[in-house]
Amino acid sequence: IKGGALAGRHVLVTAGPTHEPIDPVRYIANRSSGKQGYAIAGALAALGARVTLVSGPVSLATPAGVHRIDVESAREMAAAVDAALPADVAVMVAAVADWRADTAAGQKIKKDGSGAPPTLALAENPDILAGLAQNARRPRLLIGFAAETEKVVDHAVAKRARKDADWIVANDVSGDVMGGDSNSIHIVTRDGVESWETMPKADVAHRLAARIADEFA
Ligand code: C5P
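Values in this document were obtained by computation on a predicted structure and should not be read as measured data.

**Some remarks on the nonpolar core**
So, point 1. In terms of nonpolar packing, the biggest core is built from 34 residues, with Val-13, Leu-44, Val-91, Leu-208 and Ile-212 touching the most fellow members.
So, point 2. With residues near it in sequence (within four places) discarded, Leu-44 still touches Leu-6, Val-11, Val-13, Ala-49, Val-51, Val-91, Ala-209 and Ile-212.
So, point 3. The next biggest cluster of nonpolar side chains, apart from the first, holds 24 residues, and it includes Ala-84, Leu-85, Ile-128 and Val-152.

Here it is, written out as structure tokens:
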């Protein structure tokens, strides 16, 4: 048994983007780097937690002591999260694609010579965080992230209630955050809002891990 404030706790972290296939060579994605989620997974492991990191496609090294499960699409991520339960804590940092191609083509889609581009029908992806909140095996502490460019706290307060998360970590992405190294965040809980000064993503990770450990002290 490892020592540390989170020894004996299982923490589930999602991180990175998802890739939603259009055909065997094309996909829908977003600019998430995975840096913040990976840093959080590493910080939680450093406090002694058993960490399962369900990761979309990123080019980052697995943090020390973290069990990593690689997935591509939102539906694969949802299945991997479900398979990793039960967990004491879930920190959902992944930038999950809201939509996927309704049907992924089995073969590469070809230009047909008519000059008319194909249309892409979309289907909505499952909301993994909201689903986990309703799960019979809901983690005791369920944490979501919210990237916002305006009315950061207002949107996060609404999102926490709508998804029934315990906390929303609201991320002000009006500056150069996605792929950058610093984060400006507010923690929205059931009781109120804690605003932190802008700090490196590594510091956000350590402070958040310590804040999580406080809940289990
Ligand atoms: O609604 P929005 O995408 O802004 O919510 C962000 C939060 O919800 C993040 O914690 C993200 O990981 C989670 N989420 C999810 N599944 C989705 C969409 C978002 O788990 N399909």
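Now, onward.
**Observations regarding the UniProt feature "binding site: CTP" (unreviewed entry) in the chain**
So, point 1. When the UniProt feature table is mapped to this numbering, "binding site: CTP" (unreviewed entry) covers Asp-98, Lys-108, Pro-126, Asp-127, Ile-128, Leu-129, Phe-145, Lys-159 and Lys-163. The named residues occupy 66 residues along the chain; their greatest pairwise C-alpha distance, 38.0 Å, places them well apart from one another.
So, point 2. Look past the residues within four positions of Lys-108 in its chain and what remains in contact with it is Asp-23, Pro-24, Val-25 and Arg-26.
So, point 3. Positionally, Pro-126 belongs in the loop between strand 8 (122-124) and helix 3 (128-134).
So, point 4. Note on Pro-126: relative accessible area 34%, which makes it partly exposed.
So, point 5. Not counting the four nearest positions on each side in its chain, Pro-126 is found in contact with Arg-75, Ala-78 and Arg-100.

**Here we look at the pattern of salt bridges**
So, point 1. With the rule as written, the count across this model stands at 10 salt bridges.
So, point 2. A salt bridge links Lys-159 to Glu-148; its shortest N-O distance comes to 3.2 Å. Placement of the pair is Lys-159 in helix 4 (residues 152-163) and Glu-148 in strand 9 (residues 141-148), with a sequence separation of 11 residues.
So, point 3. Several salt bridges share partner residues, and in doing so they unite Arg-138, Asp-164, Asp-166 and Arg-190 into one network.

**Some details on the site of the ligand**
So, point 1. Lining the immediate surroundings of the ligand are Met-92, Ala-94, Val-96, Pro-126, Asp-127, Ile-128, Leu-129, Gly-144, Phe-145, Lys-159 and Lys-163.
So, point 2. One of the backbone nitrogen or oxygen atoms of Phe-145 is found 2.8 Å away from an oxygen atom of the ligand.
So, point 3. With respect to the ligand, the side chain of Lys-163 contributes an N or O atom lying 2.8 Å from an oxygen atom.
So, point 4. About the coverage of the ligand: the protein hides 84% of its 450 Å² of free accessible area.
So, point 5. Only helix 3, strand 9 and helix 4 provide two or more residues apiece to the shell around the ligand.
So, point 6. Looking at the shell around the ligand residue by residue, the classes come out as 7 nonpolar, 1 polar and 3 charged.

**So, a nonpolar patch on the surface**
So, point 1. On the surface, a nonpolar cluster with roughly 310 Å² of combined accessible area is contributed by Trp-99, Leu-120 and Leu-122.
So, point 2. Relative to the helices and strands, Trp-99 resides in strand 7 (residues 99-101).
So, point 3. Classification of Trp-99 by relative accessible area gives partly exposed; the value is 48%.

**Topic: the sheet that holds strand 5 (residues 66-70)**
So, point 1. The strand order across the open sheet formed by 8 strands is 5-4-1-6-9-10-12-13, and the pairing between neighbours is mixed. Each edge of the open sheet carries a strand with a single partner, namely strand 5 and strand 13 (193-195). Along the sheet, successive strands turn relative to each other by an average axial angle of 15°, direction set aside.
So, point 2. Here strand 12 (residues 185-188) pairs with strand 13 via 3 bridges, running antiparallel. Looking at the pairing, Ile-187 lines up with Glu-194 of strand 13.

**Here's the deal with unusual backbone geometry**
For residues other than glycine, phi is negative in most cases, and the peptide bonds are mostly trans.
So, point 1. Of note, the amide linkage connecting Leu-85 to Pro-86 takes the cis form, showing an omega dihedral of 5°.
So, point 2. Looking at the secondary structure, you find Pro-86 in the loop between helix 2 (74-84) and strand 6 (89-92).
So, point 3. Residues other than glycine seldom take positive phi values, yet Lys-151 does so here, at roughly 40°.
So, point 4. At Asp-164, a residue that is not glycine, the phi angle is positive and equals roughly 55°.
So, point 5. Note on placement: Asp-164 falls in the loop between helix 4 and strand 10 (167-172).
So, point 6. Assessed through its relative accessible area of 26%, Asp-164 is described here as partly exposed.

**As for the confidence of the model for the chain**
So, point 1. Residues with a pLDDT of 70 or more make up 97% of the chain, whose mean pLDDT is 95.
So, point 2. Considering each helix and strand of the chain separately, the mean pLDDT is smallest for strand 11 (residues 182-183), with a value of 85, and largest for strand 4 (residues 50-55), with 99.

Basis of the calculations
Residues numbered from 1 in each chain as written. Predicted model: local features only at pLDDT ≥ 70, side-chain atom pairs only at ≥ 80, totals over all residues. Heavy atoms only, no water. Core = buried A, V, L, I, M, F, W, Y, C linked by side-chain atoms within 4.5 Å. Buried < 20%, exposed > 50% of the residue type's maximum accessible area, 1.4 Å probe, protein only. Contact = heavy atoms within 4.5 Å. UniProt positions renumbered as here; feature names shortened; annotations may be inferred. Helix = DSSP H or I, 4+ residues; strand = E, 2+ residues; numbered from the N terminus. Salt bridge = Lys/Arg side-chain N within 4 Å of Asp/Glu carboxyl O. Near = heavy atom within 4 Å. Polar contact = N/O pair within 3.5 Å; in protein donor to acceptor, adjacent residues only side chain to side chain. Areas by Shrake-Rupley, 256 points an atom, 1.4 Å probe, with all protein chains shown as cover. Nonpolar A, V, L, I, M, F, W, Y, C, P; charged D, E, K, R; others polar. Patch = residues over 30% accessible without salt bridge, like charges linked within 9 Å, V, L, I, M, F, W, Y side chains within 5 Å. Pairing = 2+ DSSP bridges. Axes fitted to C-alpha atoms, helices over the stretch in contact; angles between N-to-C directions. pLDDT = per-residue confidence, 0-100.

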